[in-house]
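Close look at the chain arrangement
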Amino acid sequence: MPYTPPPLSRSISSSTLRNHCQKKYYFNYYTNWLKKTNADLRLETLLLKNIASYKMWIGTHTHFILSDYLQALKTWPLDPSSLKRITDLSAQVMSQEFDFSATRQYETYDKNQKFGLNEHAYNKELPSEPLQEAIRIVTSNLEAFRSSALHEDISTYIRDWHRVFIEDKEPNFEQMKVVLDHVPELSWVNIRAQPDAWVVTKDGRYIIYDRKSGTIRDERRKNPLSEQLKVYALKLLTRTKKNIEDISIEWYEIYVPSMEIFGGEIQDIHIQWISDKIISDVTTISDYLHDNDVSTNKPLAVEKFLRTDDTKKCDTCRFKRVCDKLKTFESHTLF
Ligand code: SF4
């Protein structure tokens, strides 16, 4: 039976990945098309698609522990044992995942063996005592949040909430959808965005929070209005069916552990900018699809997706293995 691709998906991460390396974008979003090139290569790509770097893994667990903590804050006053339960659970899950990653095999695809660390798959160096170090970082990220000025604000909002949303740990694709059916250029596109948390205060203000880890780029210092948060605001407007003039939306990007905050109030100009940016991105993506047809989402031949010139990016790329193997197939016309 011919393969039916899923709809084209546009998110900040897909757009960032495409700019980072087109080949990596292909491996991630068009994995099943590799079957035409080589069935084993597709399976190996599926295997590598599920692995994460040690740094990303720490970021994911920071996200989880903060999500658990925010959920617990809803039950005020916070049970004294709750904090211990949250940190113990985080350490337990991380230990299980780390042990699994360290002992699993990385040669043959097994759909039941999903989790893995890039460093284990590629035999790369990890810090000494890597598990303890990762647990320490995640726990101290939670502590950085708890001792920040922002903690008091967020706790107050959550306690006196009118409505509060905290992202689930498991992705909920339905909840992630940004419904833009009224825009003809986007009618076939699956647009996804989900902030870590947002609250509606009693006086009707919408406040969106998103956590970030890692280095704060110069670009963010120059321009505190991140693209990602503008998408969240757009999503909020489409969900509430309100115009930006009738609603107050503030949004904040919080860097953990420094707790530096970037953001502000959303204006009409931001909504217009992000709407245009999404359409422009989809137009660019369509250049890599057969007949520029977004509705079929059928990619051009894999060799049309270029490798990055910046080989430093390859040092940490989870697809390095398959990317190298693919070179032997790419001299042929495949489609
Ligand atoms: S190994 Fe390098 S060129 Fe290949 S997909 Fe990864 S980043 Fe791109």
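Here is what the cut-offs are and how they apply
Residues numbered from 1 in each chain as written. Predicted model: local features only at pLDDT ≥ 70, side-chain atom pairs only at ≥ 80, totals over all residues. Axes fitted to C-alpha atoms, helices over the stretch in contact; angles between N-to-C directions. Helix = DSSP H or I, 4+ residues; strand = E, 2+ residues; numbered from the N terminus. Left-handed = near helix turned anticlockwise from the far one by under 90°. Contact = placed C-beta atoms within 7 Å. Nonpolar A, V, L, I, M, F, W, Y, C, P; charged D, E, K, R; others polar. Pairing = 2+ DSSP bridges. Near = placed C-beta within 6 Å.

Attention now moves to the packing of helix H5 (residues 80-103) against helix H7 (residues 130-146). The geometry of a pair of packed helices is captured by two quantities: the angle between their axes and the separation between those axes. Where H5 contacts H7, the two axes come as close as 10 Å, and the packing angle between them is 145°. Between H5 and H7 lies a crossing whose hand is right-handed. Across the interface between the two elements, Thr-87, Ser-90, Ala-91, Met-94, Ser-95 and Phe-98 from H5 touch Leu-131, Ala-134, Ile-135, Val-138 and Thr-139 from H7. Along the lines of polarity and charge, the residues of the contact of H5 with H7 split into seven nonpolar, four polar and no charged.

So, on to the pairing of strand S7 (residues 205-213). As judged from the four bridges shared by strand S6 (residues 197-200) and S7, these two strands associate in the antiparallel manner. By the bridge assignment for S7, Val-200 is matched with Tyr-206. Two successive antiparallel strands, S6 and S7, enclose a turn made up of four residues, where Gly-204 displays a positive phi of approximately 85°. With nine bridges connecting them, S7 and strand S8 (residues 248-256) associate as parallel partners. Of the residues in S8, the one forming a bridge with Ile-208 is Trp-251.

Let's shift gears to the site of the ligand. Taken together, Cys-21, Lys-23, Lys-24, Phe-27, Arg-307, Thr-308, Lys-313, Cys-314, Cys-317, Phe-319, Lys-320 and Cys-323 make up all the residues around the ligand. Broken down by secondary-structure element, the contributors of at least two residues to the shell around the ligand are helix H2 (22-29), helix H13 (312-315) and helix H14 (320-326). Residues of the shell around the ligand, tallied by class, amount to six nonpolar, one polar and five charged.

Looking now at the environment of Glu-227. Take Glu-227: it is sitting in helix H11 (residues 227-240). Note: C-alpha distance between Glu-227 and Ile-274 (47 residues apart in sequence) is 7.0 Å. Not counting the four nearest positions on each side in its chain, Glu-227 is found in contact with Ile-12, Ile-274 and Lys-277.

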